[in-house]
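Chain and residue survey
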Amino acid sequence: MNLESDINDLLDGYSTTVRVYNAIQKYEKIKQIKDLIKADGSFVGGLGKPPKMPNIGKKSIRELEYMRRWFVEKHLQ
C-alpha cells in the first residue's frame, strides 16, 4: 500500500467503526489515501487535523488519527 492506493485498501487493513468507515466511504473528496494522508504522514488540509466530514464527532476524529498513525507506522516507514 502506498499513497496512490485506494482508500478501500486502508479501510480493509484497519479495523474501524462502522460510522467512520461509512463516513469515509461516502465522502466524495477522499478516493485515495493521498486524499487523506500526505507523503510526510500528516493529514491533508489544515493544522494536521483530519478533513472535515459530515457526521464525524470527536470520537470519530480520534479514530481517524489512530488510522493515520497506523498507516504511517505500517506503510510510510
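Everything that follows concerns the structure shown earlier in this document.
What to know about the pattern of salt bridges
Counted by the stated rule, this structure contains three salt bridges. Glutamate 65 serves as the salt-bridge partner of arginine 69, at 3.1 Å between the closest nitrogen and oxygen. Residue arginine 69 and its partner glutamate 65 are located together in helix H3 (residues 58–75), separated by four residues, close to a single helical turn. Owing to a relative accessible area of 42%, arginine 69 belongs among the partly exposed residues under this scheme. Judged by relative accessible area, which is 18%, glutamate 65 ranks as buried.

Analysis parameters
Residues numbered from 1 in each chain as written. Predicted model: local features only at pLDDT ≥ 70, side-chain atom pairs only at ≥ 80, totals over all residues. Heavy atoms only, no water. Salt bridge = Lys/Arg side-chain N within 4 Å of Asp/Glu carboxyl O. Helix = DSSP H or I, 4+ residues; strand = E, 2+ residues; numbered from the N terminus. Buried < 20%, exposed > 50% of the residue type's maximum accessible area, 1.4 Å probe, protein only.

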